[in-house]
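Descriptive analysis of the structure
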Amino acid sequence: MQWKTTAAAALLAVGSSTAMAAELKLNVEIPALQVAEYHRPYVAIWIETDKGRHQTDLAVWYDLELKDNEGTKWLKDLRQWWRRSGRQLEFPVDGLSGATRPVGTHSLTFGDEHAGLVAMKPGDYQLVVEAAREVGGRELLKLPFTWPVAAASEQTQNGEHELGRVTLSLKP
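Here we summarise the structure given alongside this text. (Residues numbered from 1 in each chain as written. Predicted model: local features only at pLDDT ≥ 70, side-chain atom pairs only at ≥ 80, totals over all residues. Heavy atoms only, no water.)

1. Notes on the overall build of the protein
Counted only if it meets this: Only DSSP runs of H or I reaching four residues or more are called helices, and only runs of E reaching two or more are called strands; each is numbered from the N terminus. For every residue, the accessible area obtained with a 1.4 Å probe (protein chains only) is divided by the maximum for its type, and the residue is called buried under 20%, exposed over 50%, and partly exposed between those limits. Residue contacts are counted whenever heavy atoms from the two residues lie within 4.5 Å of one another. Surface accessibility in these figures is a Shrake-Rupley result with a 1.4 Å probe; residues are shielded only by whichever protein chains are displayed.
Counting its secondary structure elements, the protein contains three helices and nine strands. Put simply, the protein has 172 residues, and 38% of those count as buried. Within the protein, counting contacts between residues at least 6 apart in sequence, those at least 24 apart form 62% of the total. A total of about 9,900 Å² of accessible surface is found on the protein, and carbon and sulfur atoms cover 51% of it.

Okay, here's the thing in structure tokens:
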């Protein structure tokens, strides 16, 4: 009879740890621009230490549909990301590469089981969103946070031209 109690306790503990898993949620707004020639922006999203050292990539949105993988040619316009991580990758990267996004707000959610988050040591970090657009500009936003997540928090920054509102929500 005791083994049933132990098994039930183990299942309850596993269920509790899953329910208490940390979550990093990001909303990225691609603004509508009134320009003569509009192209969807390329966007890179990654995490770096508070000292600027690259930790993990979360997403890269670029033109996947161009023949001969030519969409990768302009990834270097995401200058900061390219220097820190992009030039070492071979595209497309499974689980990282994605198509450019249209005007609107786009949500991404990462649980603490995400390979890049699992490898992060406790400390202060920055979530970085960089956008670059053909016949347009480049913009970079940084949202600081502490890992692991101790308390729910949310912060927002507003871009000025290539990015709109970017919101980072953290839950323990």
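2. Brief notes about the packing of aromatic side chains
The criterion, for reference: Any pair of Phe, Tyr and Trp rings, taking the six-membered ring for Trp, is counted once the centres come within 6.5 Å. Such a pair is stacked with planes under 30 degrees apart, edge-to-face with planes over 60 apart, and tilted for the rest.
Counted under the stated rule, the structure contains five aromatic pairs. Note on Y42 and Y62: the rings are 6.2 Å apart at their centroids and 55 degrees apart in plane angle, and the pair reads as tilted. Taken as a pair, Y42 in strand β2 (residues 42-49) and Y62 in strand β3 (residues 54-62) lie far apart in primary sequence, 20 residues in all. The same class applies to Y42 and to Y62, which are both buried. Every member of this aromatic cluster is reached through a ring pair, and the members are Y42, Y62, W81, W82 and F91.

3. Thoughts on the sheet that holds strand β4 (residues 97-99)
Put simply, the test is: Any two strands with at least two DSSP bridges between them are considered paired. Angular values range over 0 to 180 degrees, each being the angle between N-to-C directions of two axes fitted as lines to C-alpha atoms, with helices fitted over their stretch in contact.
Strands sit in the order β4-β3-β2-β6-β7 across an open sheet of five strands; the sheet is mixed. The sheet is open, and its two borders are formed by β4 and β7 (138-147), each paired with just one other strand. Here the strands of the sheet are splayed against their neighbours by 15 degrees on average, with no regard to which way each runs. Pairing geometry for β2 and strand β6 (residues 123-132), over eight bridges, is antiparallel. Paired with V43 across the bridge in β6 is A131.

4. Re the side chain of S97
The criterion, for reference: Polar contact criterion, stated in full: a pair of N or O atoms within 3.5 Å, where within protein one must be able to donate a hydrogen and the other to accept it, and residues adjacent in sequence count only if both atoms are side-chain atoms.
Mapped onto the elements, S97 comes out in strand β4. A distance of 2.8 Å separates a polar side-chain atom of S97 from the backbone nitrogen of V93.

5. As for the environment of L168
Here L168 shows up in strand β9 (residues 165-171). As a C-alpha pair, L168 and T156 span 12 residues in sequence and 6.4 Å in three-dimensional space. Contact partners of L168, with chain neighbours within four places excluded, come to L24, K25, L26, L127, L143, F145, S153, E154 and Q155.

6. Details of a nonpolar patch on the surface
Counted only if it meets this: Patch membership requires more than 30% relative accessible area and the absence of a salt bridge. Residues of like charge join within 9 Å; the nonpolar side chains Val, Leu, Ile, Met, Phe, Trp and Tyr join within 5 Å. Any Lys or Arg side-chain nitrogen located within 4 Å of an Asp or Glu carboxyl oxygen qualifies as a salt bridge.
On the surface, a nonpolar cluster with roughly 230 Å² of combined accessible area is contributed by V35, Y38 and V103. By secondary structure assignment, the location of V35 is in the loop between β1 (23-30) and β2. For V35, a relative accessible area of 39% puts it in the partly exposed group.

7. Looking at the nonpolar core
Rules: We call a set of buried Ala, Val, Leu, Ile, Met, Phe, Trp, Tyr and Cys residues a nonpolar core when their side-chain atoms join them within 4.5 Å.
Membership of the largest hydrophobic core comes to 28 residues, with the highest contact counts inside it found for L24, V28, I45, I47, L127, V129 and F145. In contact with L24, other than residues within four places in its own chain, are I47, L58, L108, T109, F110, L117, L127, F145, L168, S169 and L170. Listed in part, the 12 residues of the second largest apolar core include W46, V60, Y62 and L75.

8. Considering the layout of surface pockets
We apply this condition: For cavity detection a 1 Å grid was placed over the protein atoms alone, and a set of points counts as a cavity when a 1.4 Å probe fits there but cannot get out; an open set counts as a pocket when protein lies on both sides within 12 Å along at least five of seven lines, with lining residues being those that have an atom within 4 Å of a point. Grid points are joined across faces, edges and corners, and a volume is the space filled by probe spheres set on the points. In the scheme used here, Gly and all other residues not listed as nonpolar or charged are polar, with Ala, Val, Leu, Ile, Met, Phe, Trp, Tyr, Cys and Pro taken as nonpolar and Asp, Glu, Lys and Arg as charged.
Size it by volume and the largest pocket reaches roughly 190 Å³. Residues that form the lining of the largest pocket fall into these classes: four nonpolar, two polar and five charged.

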